[in-house]
Amino acid sequence: MKKLLRINLTTKTFRYEDLPQDYIKLGGRGLSSKIVFNEVPAKADPLGEENKLVFAPGILTGTIVPNNGRISIGAKSPLTGTIKEANAGGSAAQKLSRLGIAAVIVEGKSSSLTAIKIDKNGVSFIDANRLKSMGNYALIDKLKNEHGNNISIMSIGPAGEMLLKAANISVTSPDFKIRAAARGGLGAVMGSKNLKAIIVDDLDANEVDVKDPTTLKDAVAELTKGILSHPLIEGLKTFGTPILVMMINTANALPTKNYSLGQFAHAENISGEHLVELINKRPESAQVHRCMNGCIIGCSNILSDEKGNEIVSGLEYETLGMVGSNCMIGNLDDVARINRLCNDLGLDTMEMGAAIAVAMEAGVIKWGDGKAVYELIESIKDNSEKGKIIANGCVNTGKAFGVSRIPHVKGQSLAAYDPRVLKGTGVTYATSTMGADHTCGNALPSPANPEYNPLSPTGQGPVSSFLQRYFAAIDSLGLCLFASLPLLDIPDLQKKLMECVSAITGEGYNENYLIELGTEVLKTEKRFNEMAGFTSKDDRLPEFFSKEALPGPNTVFDVPEEEIDGVLKF
Ligand code: SF4
């Protein structure tokens, strides 16, 4: 049976604990949220010692189920004040699972900057003062040289050390590219504990316990075949998530000029198609990259410059939308370099894109000036006031520069989908337990569901409600969201997934398993937020989305409040 690993940074001690009965069937987001709910006072200062940081692999993680290695990182968010789970790919979750760890709970605060190493012998505490202010790229190289290639690293850059609220937590892929648990400012929570990095080494660890390996093997074969048969997967394999740039631009939902437009005149220059063109011309670039072992899709990429020097790996649609079109930056290399800089400092590109566009609206930087944006973000390293304003999020930026059009919910910026056109996603932004977060339930139109009209003001509540439950369950399994999308269109594949869960855990599950699991997770998270003081009044989009019609479709966000309030009613 897996254990909890509790690490106290104040006393530099650790211990393994048996899983309490009500944690046994949980993993990933379900487990991290339950632990935060049980152990962090809802009114705690997110950057104070009462807050805890939880790292939980999913229920499927470390087994042969494809795309199963997301790590869920939970805490109370300094950006939103809500409960938070941010998950990332990479290799840390699979290694923790193989070490028999259901979740790592980090509590207390180290008196000086420290790193932790977790391996089969337990936990060692490593002085990290020599790593102070080091960017993630140099840090990862250094730790890899010191600890070998069998490790995974979860780390913060200077932004986390500076407690900036857009700070993220980086997680390395098997080949040491950077992935990020991006949202909610969890890097600042790690920084508040004086924790620079967690190194996980699973050398000589056991295989993950599976109750029925034969059934699992058969179910995995059919699940894999089914996922790969879905038309969406071919597009993801070819272009990755940047395939969405032209699709969302055509739908008039690509955030442009701080959400004042839904189409960007230079969308083609930052599109997936253009990215692939560049990748094919440039040495050491790669159209397909896998962020974890066992990924059957490979939606990620590597973009290098003309000489073959890597700019960034994992240039995603969200970055292209928020840093690109939303700031009117129509040069893909500029966006990629800003992405690299954010990775190095440890900053969420979505929150940064939203904040910079707000600053542009105030006239702090010219629209589209990628070089000036780079310099402003770079100045954060030198403690610049303007840089810190932006790196504390879009709400902070709007307040500092006197801008009222701030695209956020509960303090977290929207993602790269305009809610006036994609109204179901707008309902998810409004009601998610984590602030505006598209991964909680992005209601995109799909050829498999031609009846769904994303522009209709009614009927969006039930769509968002279902998706939020479904993805809360997927996040608990540790499954990559892209591998889970085909299951929405092919219900038989959901049965195969449940067969996998049963074969691993030895528990029988009924056909409502995913929705029941997701509902339990959301109930826990919503209860935490209520105890922290949030009410239905906080489940609202900013007023400008219901006042300013989006040019083109000439539509506002007009989902009735009663429908919004019914979404997470339990
Ligand atoms: S599909 Fe993409 S995000 Fe998912 S596991 Fe593969 S590379 Fe990672």
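In case you missed it, the structure is sitting above this.
About the thresholds
- Think of each chain on its own: its residues are numbered from 1, step by step along the sequence as written.
- This being a predicted model, a pLDDT of at least 70 is required before a residue's local features are given, and a value of 80 or more before pairs of side-chain atoms are given or counted; all residues contribute to the totals for chains, interfaces and linings.
- Side-chain measures were taken over the full set of non-hydrogen atoms in the model, leaving aside hydrogen atoms and water.
- The criterion for a residue being near a molecule or strand is simple. One of its heavy atoms has to lie within 4 Å of it.
- For this scheme, ten residues count as nonpolar: Ala, Val, Leu, Ile, Met, Phe, Trp, Tyr, Cys and Pro. Four count as charged, namely Asp, Glu, Lys and Arg, and the remainder, Gly too, count as polar.
- As defined here, a cavity is a set of points on a 1 Å grid over the protein atoms alone where a 1.4 Å probe fits but cannot get out. A pocket is an open set with protein on both sides within 12 Å along at least five of seven lines, and residues line them when an atom is within 4 Å of a point.
- Grid points are joined across faces, edges and corners, and a volume is the space filled by probe spheres set on the points.
- Each helix is a run of DSSP H or I of at least 4 residues and each strand a run of E of at least 2, with the numbering of both proceeding from the N terminus.
- Burial here depends on accessible area, computed with a 1.4 Å probe over protein chains only, as a share of the maximum for the residue type. Under 20% is buried, over 50% is exposed, and the range in between is partly exposed.
- Each pair of strands is called paired provided DSSP finds at least two bridges between the two strands.
- Helix axes are fitted to C-alpha atoms over the stretch in contact, other axes to C-alpha atoms as well, and angles between N-to-C directions run from 0 to 180 degrees.
- Contacts are assigned to residue pairs with any non-hydrogen atoms lying within 4.5 Å of each other.
- Expected span, for any helix, means 1.5 Å times one less than how many residues it has.
- Throughout this description, a polar contact denotes any pair of N or O atoms lying within 3.5 Å of each other; where both atoms belong to protein, one of them has to be capable of donating a hydrogen while the other can accept it, and for residues adjacent in sequence the pair is counted only when both atoms sit in side chains.
- In these notes the angle categories are as follows: under 35 degrees is roughly parallel, over 145 is roughly antiparallel, 65 to 115 is roughly perpendicular, and the rest is oblique.

1. Some words on the site of the ligand
Piece 1. Taken together, the neighbourhood of the ligand is formed by Asn-67, His-289, Arg-290, Cys-291, Met-292, Cys-295, Ile-297, Gly-298, Cys-299, Ser-300, Cys-480 and Phe-482.
Piece 2. For the shell around the ligand, the class distribution of residues is 7 nonpolar, 4 polar and 1 charged.

2. Some words on empty space enclosed by the protein
Piece 1. A full pass over the atoms with the stated rule returns 1 cavity of 30 Å³ or more.
Piece 2. Taken as a whole, the largest cavity encloses approximately 40 Å³ of empty space.
Piece 3. Along the walls of the largest cavity sit Thr-238, Phe-239, Gly-240, Leu-275, Val-276, Ile-279, Gln-287, Cys-299 and Asn-301, which together make up its complete lining.
Piece 4. Ranked by the residues each element gives to the lining of the largest cavity, the list is headed by helix H9 (residues 272-281), at 3 residues.
Piece 5. Grouping the amino acids of the lining of the largest cavity by side-chain chemistry returns 5 nonpolar, 4 polar and no charged.

3. Description of the pairing of strand S14 (residues 300-304)
Piece 1. Burial of S14 is extensive: 5 of the 5 residues sit out of reach of the surface.
Piece 2. Burial of S14 is two-sided: the residues Ser-300, Ile-302 and Ser-304 facing one way and the residues Asn-301 and Leu-303 facing the other way are all buried.
Piece 3. Two strands pair when backbone bridges link them, and strand S13 (residues 286-289) and S14 are joined in this way by 2 bridges, in the antiparallel orientation. By the bridge assignment, His-289 is partnered in S14 with Ser-300.
Piece 4. Counting the residues in the hairpin turn of S14 and strand S15 (residues 310-313) gives 5 residues, including Gly-308, whose phi is positive at 95°.

4. A look at the sheet that holds strand S12 (residues 195-201)
The strands that make up a sheet pair up through hydrogen bonds in the backbone, lying either parallel or antiparallel.
Piece 1. Ordered by their spatial adjacency, 6 strands build an open sheet running S8-S7-S12-S9-S10-S11, and the pairing between neighbours is mixed. With partners counted over all chains shown, the strands left at the sheet margins are strand S8 (122-127) and strand S11 (178-181), one partner each. Taking each pair of neighbouring strands and ignoring which way they run, the sheet shows an average axis angle of 20°.
Piece 2. Contacting strand S7 (114-119), S8, strand S9 (151-155), strand S10 (169-172), S11 and S12, helix H3 (residues 136-147) runs over the sheet at an angle of about 145° to S9.

5. Let's talk about the environment of Thr-80
Piece 1. Looking at the secondary structure, you find Thr-80 in the loop between strand S4 (71-76) and strand S5 (83-88).
Piece 2. Sequence separation between Thr-80 and Gln-21 is 59 residues; the distance between their C-alpha atoms is 31 Å.
Piece 3. Beyond its immediate sequence surroundings of up to four residues, Thr-80 is in contact with Lys-410, Gly-411, Gln-412, Met-434 and Phe-534.

6. Quick look at helix H11 (residues 332-345)
Piece 1. If you check H11, its first and last C-alpha atoms are 20 Å apart, about what 14 residues at 1.5 Å a residue would give, namely 20 Å.
Piece 2. Structurally, the start of H11 carries an N-cap: the backbone nitrogen of Asp-333 is 2.9 Å from a side-chain oxygen of Asn-331.
Piece 3. Positive backbone phi, at 80°, marks Gly-346, one or two positions downstream of H11.

7. Quick notes on the sheet that holds S13
Piece 1. Read from one edge of the open sheet, 3 strands run S13-S14-S15, paired in antiparallel fashion. The sheet is open, and its two borders are formed by S13 and S15, each paired with just one other strand. Neighbouring strand axes in the sheet, compared pairwise and without regard to direction, differ in orientation by 25° on average.
Piece 2. Sheet analysis places S14 next to S15, joined by 3 bridges and oriented antiparallel. Note on S15: the bridge partner recorded for Leu-303 is Val-312.
Piece 3. Against the sheet, H9 engages S13 and S14, with an angle of about 60° to S14.

8. Side note on the packing of helix H10 (residues 317-324) against H11
Piece 1. At a minimum axis distance of 10 Å, the contact between H10 and H11 shows a crossing angle of 105°. Taken together, the axes of H10 and H11 are roughly perpendicular relative to one another. Residues Thr-319, Leu-320, Val-323 and Gly-324 of H10 pack against Leu-332, Val-335, Ile-338 and Asn-339 of H11.
Piece 2. Taken together, the residues of the contact of H10 with H11 sort by class into 5 nonpolar, 3 polar and no charged.

The analysis is restricted to geometry; functional conclusions fall outside its scope.
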